[in-house]
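# Summary of structural features
One-letter residues, chain by chain:
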Amino acid sequence: MRESFLPYGKQWIDDEDIQKVIEVLKSDYLTTGPYIEQFEKDIASFVGTKYAVAFSNGTAALHGACFAADIKEGDEVITSPMTFVASANCVLYQGGKPVFVDVDEMTYNIDPGKIEEKINNSTKAIIPVDFTGQPADLDKIMEIAKENNLIVIEDAAHALGATYKGRKIGSISDMTMFSFHPVKHITSGEGGIITTNNEMYYQKLLQFRSHGITREHDKIKDNHGPWYYEMQFLGYNYRMTDIQAALGSSQLRKIDRFIELRKKYVHLYNEAFSNVEEFTTPFQKQDGDSSWHLYIIRLNLEKLKVNRKAIYEELLQQNIGVNVHYIPVHLQPYYQERGYKQGSCPIAENLYEEIITLPLFPAMTEKDVMDVIRVVKSVISQYRR
Ligand SMILES: *Cc1c(COP(=O)(O)O)cnc(C)c1O
């Protein structure tokens, strides 16, 4: 038992963050002011791209990327079932059809070996997810995309600060999305961003985020006068506020420390659990450096007297804020009602029965980590077969 509840993830806000937000509140602009551009510059320079476009949240950013990629009715987009619903929903928003490709047994990332069999004339894009912060097999995915003329929109909500073969995540795919929800690496309250090197995508994203409206003279067809703006397609109000952007920039300054702490705690978990046979610890690929958004253990149910639910409930009872990432998207009722079948992604479905996410966030202390280790070990030994 742990004396107080420990969540699985949580933001870390310091006085510097608070001062930055106050600065905006006292300034002339609360939204679409100078802090947005600054935050976009900060993220673009952090990942190494020419452009970044901030959105009100990560899901809106994914929607924008699908629009910029010209995904429309009848188009198919390949993604992983082992993700948050947003990775697939963004395709539905555009009238497209998400197509799920099962994950790799070890990494839980989309299995590139199974992508090509799902490609047909309607396939337009691939949305790989860097699950838990571990980069997907991006070289293979980019190669498949190139051969088949597909656009790659990377869902890197878990992977700010991760690298793949020495390259920063955010600089590899055609467009990459990061989320700034409070459980993610850095937060802006709610928030998201697309990074890209493609100027056409950049322009489309900017306009999409604000109703499809432009004020730029060289893009305007008519011109009634200095007040004039043109709505040229149906966009949305997906703008981030300056309050959020200032918080985001302030948080980004601490990203290296945040990731260092995550890695330190992962190391402590791995060491402590190395001789436990009732579950496996996360597999680490050698071609990338994970930014460790999530620490997921996989139960070996043959060695346990109870199922995942019982272990989960016991850990929760003892104040360890466990979670499950994720319920495979194609199993959600909305998807089931639209013809997606149980059994279509057996590896992800099996995995779902056996996984538990343990608390991992920089603001936790080493004592918190030790509490998790102690409680997990004692619960597991209680149910050992
Ligand atoms: C958090 C998350 C999103 C969506 O981000 P929001 O900012 O919450 O809209 C998308 N995909 C994955 C994998 C996520 O974890």
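For the structure itself, consult the block above.
Residues numbered from 1 in each chain as written. Predicted model: local features only at pLDDT ≥ 70, side-chain atom pairs only at ≥ 80, totals over all residues. Heavy atoms only, no water.

## Describing the packing of helix H3 (residues 58–68) against helix H6 (residues 199–208)
Helix-helix packing is characterised by the crossing angle of the two axes and by the distance between the axes. Contact pair H3 / H6: the axes reach a minimum separation of 9 Å and the direction vectors enclose 125 degrees. Here H3 is positioned oblique relative to H6, judged by the angle of their axes. Crossing of H3 over H6 shows right-handed handedness. On the side of H3, the interface is formed by His63, Gly64, Ala65, Phe67 and Ala68, while H6 contributes Tyr201, Lys204, Leu205 and Phe208. Among the residues making up the contact of H3 with H6, the classes are represented as six nonpolar, two polar and one charged. (Axes fitted to C-alpha atoms, helices over the stretch in contact; angles between N-to-C directions. Helix = DSSP H or I, 4+ residues; strand = E, 2+ residues; numbered from the N terminus. Parallel < 35°, antiparallel > 145°, perpendicular 65-115°, else oblique. Left-handed = near helix turned anticlockwise from the far one by under 90°. Contact = heavy atoms within 4.5 Å. Nonpolar A, V, L, I, M, F, W, Y, C, P; charged D, E, K, R; others polar.)

## A closer look at the site of the ligand
Close to the ligand lie 15 residues, the nearest being Gly58, Thr59, Asp155, Ser179 and Lys184. A distance of 2.8 Å separates an oxygen atom of the ligand from a polar atom in the backbone of Gly58. Within the residue set of the shell around the ligand, elements represented by two or more residues are H3, helix H4 (86–93) and strand S8 (175–179). Its residues assigned to classes, the shell around the ligand shows five nonpolar, eight polar and two charged. (Near = heavy atom within 4 Å. Polar contact = N/O pair within 3.5 Å; in protein donor to acceptor, adjacent residues only side chain to side chain.)

## Here's the deal with the sheet that holds strand S3 (residues 97–100)
If you walk across this open sheet you meet the seven strands as S1-S9-S8-S5-S4-S2-S3, and the pairing is mixed. Strands with a single pairing partner mark the edges of an open sheet, and in this sheet they are strand S1 (51–55) and S3. Within the sheet, the average angular offset between the axes of one strand and its neighbour, ignoring direction, is 25 degrees. Bridge count between strand S4 (residues 123–127) and strand S5 (residues 151–155): two bridges; the pairing is parallel. Bridge assignment links Ile126 to a residue of S5, and that residue is Val152. The strands that H6 touches are S1, S5, S8 and strand S9 (192–196); relative to S1, the one it contacts most, it runs at about 20 degrees. (Pairing = 2+ DSSP bridges.)

## What about the sheet that holds strand S15 (residues 355–358)?
An order of S12-S14-S15 is seen for the three strands of this open sheet, with the pairing classed as antiparallel. Looking at which strands have only one partner, the edges of the open sheet turn out to be strand S12 (279–280) and S15. Pairing of S12 with strand S14 (residues 295–299) involves two bridges; the strand directions are antiparallel. Residue pairing in the sheet places Thr280 in a bridge with Arg298 of S14. Lying over the sheet, helix H9 (residues 308–317) contacts S14 and S15, oriented at roughly 20 degrees with respect to S15. Docked against the sheet, helix H11 (residues 346–354) engages S14 and S15, running at close to 60 degrees with respect to S15.

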